[in-house]
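Examining the three-dimensional arrangement
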Amino acid sequence: MLVAPLVLILWNSHRWGEDLVTPKNLFLVGVANFMGVAGLSCGIAGLYHSDSTLGDALWFLLGTALFFAAFFWSYRRWRLPRRIGDRVFAQSPPVNVLTLNVAGAALLMTGVVSAVLPVEIPIVGQILDVLGKQLPAGALAMFLVAWLRNPVNVVYLVGAGVSLAMALFISFFGAGRHPLFSAMVAVLIAWYWSRWRYQRQSLTIAKLTALGIGAFFVILVYSSFRHDYMGEADTGVAVDRLKQLLRFDVQMSGAAEDYLREDAVAVGLVCVEKFHRTGSPDWFHTFRFVLSNPIPRDWWPDKPQALGESLPESLGKFSTGYVNWGPSIIGNAFHDGGVMMTIVYGLIVGGFLRVFDDVIRRQPGNPWPIALLAAMSPKIVGYSRGDISIYTVEIIGLCVIVFGLLWSLRLFFGSWPDDTWSEAADDEWLDEDDLSPTADDSGS
């Protein structure tokens, strides 16, 4: 699980010409860490949370095999995701200075409100707090793609610079790594789909590897001090964290060492023990959690709780405070219905990633789906770690926000068909002054 996902990405690119930076490949990179490194943490470092047996490990391995068998069948053979992918982003808002600035302002303001000015409105406040910090990365990717396609337009470059500064600053208002990760990955995604995918493959792989290693060390440095202040951060705390990051003091101990000791497999083995060997599953828990999530807990105190919170509490590991155990997607499946649920989740995840991959491959110059991918990137990378109930809610929430914004833009400014962004039109940028072209003005 550590080596195979990375080898598969490179092989598919070399043998079949697949793109390197896709939602599916981001997920597989996460698998290498959250299942590969996590497996080594169990087998070599002895990181366990219970008295797991050989039988538990064998069931976990079976669940993993079934998940990936269903995952790759769904991605490669299932026709339904391909039919859905042909219809998603069939129409997109026009791309020009006005539409990009309106969208960028909306995404950046949402990020500022979520980090600096918490909203106390039920439902709205929770949505902004969870999802808002990811949105500036979407604005960054969107402006970068537009600028790389039209380098003489300084407005796009200024928008990218403002978005990058805002995304980084917002990242330091909390202890989570996802906003910082998405800001860095946004640059990589935008550059790949605008420039690097057309270069020599070995050169592209070298650039992606160098940037990936650099991003890893930035996250490692941030992990060493991200818990230095707990609670609602302010501007002073954010500035202090930025200064610490700029010093780039890599500490291979403490929090940084804990970051390398991934425990998703260890928690997954606990799920096999508690919900298979010695207990019974909580059937379709993730589905019920997702459907009930919009209802505030103040209105429904007994609504379904995330497994990553309830499991450590039931084991007496935590009694108060925020709990964040990643049970792995396999552990979630055993909790939600047993080993056969790994097949269901494999089908769903593989199908979703196929839809997303098809949209971006079909429209490589379209900045709107690339913006969504940038904002969603940490959720896709971390999905194999889980808790998938929380990550699913966050992915759906990001889709709702971005598609709602795009619908509003189309309502006011019109739309362009998907063939505007096809590879046939990929070397030509579109008329900056035309705000609402027809299909015949696609520029292809």
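Scope of this entry: the structure provided in the associated data block. Worth saying up front: this structure is predicted, and the values here are computed from it rather than measured.

1. Considering a nonpolar patch on the surface
Taken together, Leu2, Val3, Val7, Trp11, Trp16, Leu40 and Ile44 make up a surface patch of nonpolar side chains, about 750 Å² in accessible area. Positionally, Trp11 belongs in helix α1 (residues 4–16). On the basis of relative accessible area, Trp11 is assigned to the partly exposed category, the value being 45%.

2. Here we look at the pattern of salt bridges
Taken as a whole, this structure holds 12 salt bridges when the rule is applied. Between Lys274 and Glu273 there is a salt bridge, with the nearest N and O atoms lying 3.8 Å from each other. Judged by relative accessible area, Lys274 falls into the partly exposed class, the value being 31%. For Asp358, the salt bridge is made with Arg354, and the minimal N-O distance between the two is 2.9 Å. In this pair, Asp358 and Arg354 both sit in helix α17 (residues 341–362), four residues apart, roughly one turn of the helix. Arg354 shares its class with Asp358; the two are buried. A cluster of three or more residues bridged by salt bridges with shared partners is formed by Asp56, Glu273, Lys274 and Arg277.

3. Notes on the environment of Arg361
Within the fold, Arg361 resides in helix α17. Spatially, the C-alpha atoms of Arg361 and Thr22 are 8.6 Å apart, while their sequence positions differ by 339 residues. Side-chain polar atoms of Arg361 contact the side chain of Tyr75, separated by 2.8 Å.

4. Focus on helix α16 (residues 328–336)
Spacing of three or four residues puts side chains on the same side of an α-helix, whose turn is 3.6 residues. Of all nine residues that make up α16, nine are buried, and the element is covered over most of its length. All of the buried residues in α16 are Ser328, Ile329, Ile330, Gly331, Asn332, Ala333, Phe334, His335 and Asp336. Gly338 sits one or two residues past α16 and shows a positive phi near 100 degrees.

5. Digging into unusual backbone geometry
Unlike most non-glycine residues, Phe284 shows phi in positive territory, near 55 degrees. Position of Phe284 relative to the elements: it lies in the loop between α13 (264–277) and α14 (285–292). Overall, Phe284 belongs to the partly exposed group, its relative accessible area being 43%.

6. Here we look at the packing of helix α3 (residues 54–76) against α13
At a closest axis distance of 9 Å, the pairing of α3 and α13 adopts a crossing angle of 105 degrees. Classed by the angle they form, the pair α3 and α13 counts as roughly perpendicular. Across the interface between the two elements, Asp56, Ala57, Trp59 and Phe60 of α3 pack against Val265, Gly268, Leu269, Val272, Glu273, His276 and Arg277 of α13.

Cut-offs and rules
- Position labels on residues start from 1 in each chain and follow its written sequence.
- Given that this is a predicted model, residues contribute local features only at a pLDDT of at least 70 and side-chain atom pairs are listed and counted only at 80 or more, while totals for whole chains, interfaces and linings are drawn from all residues.
- To obtain the side-chain values, all non-hydrogen atoms of the structure were used and water was disregarded.
- Each patch is built from residues lacking any salt bridge and having more than 30% relative accessible area; the joining distance is 9 Å for like charges and 5 Å for nonpolar side chains (Val, Leu, Ile, Met, Phe, Trp, Tyr).
- Exposure was quantified through the Shrake-Rupley algorithm and a 1.4 Å probe, taking into account, for residues, occlusion by the shown protein chains and nothing else.
- Counted as salt bridges are all cases of a side-chain nitrogen of Lys or Arg within 4 Å of a carboxyl oxygen of Asp or Glu.
- Runs of H or I in DSSP of at least four residues are treated as helices and runs of E of at least two as strands, each being numbered from the N terminus.
- Working definition: with a 1.4 Å probe on protein chains only, accessible area under 20% of the residue-type maximum means buried, over 50% means exposed, and in between means partly exposed.
- Contacts described as polar in this section are N or O atom pairs within 3.5 Å, which, within protein, must combine one atom able to donate a hydrogen with one able to accept it, while residues neighboring in sequence count only if both atoms come from side chains.
- Lines fitted to C-alpha atoms define the axes here, with helix axes fitted over just the stretch in contact, and angles between the N-to-C directions of these axes take values from 0 to 180 degrees.
- With respect to orientation, any angle under 35 degrees is reported as roughly parallel, any angle over 145 as roughly antiparallel, any angle of 65 to 115 as roughly perpendicular, and every other angle as oblique.
- Here a residue-residue contact requires only that any non-hydrogen atoms of the pair lie within 4.5 Å.

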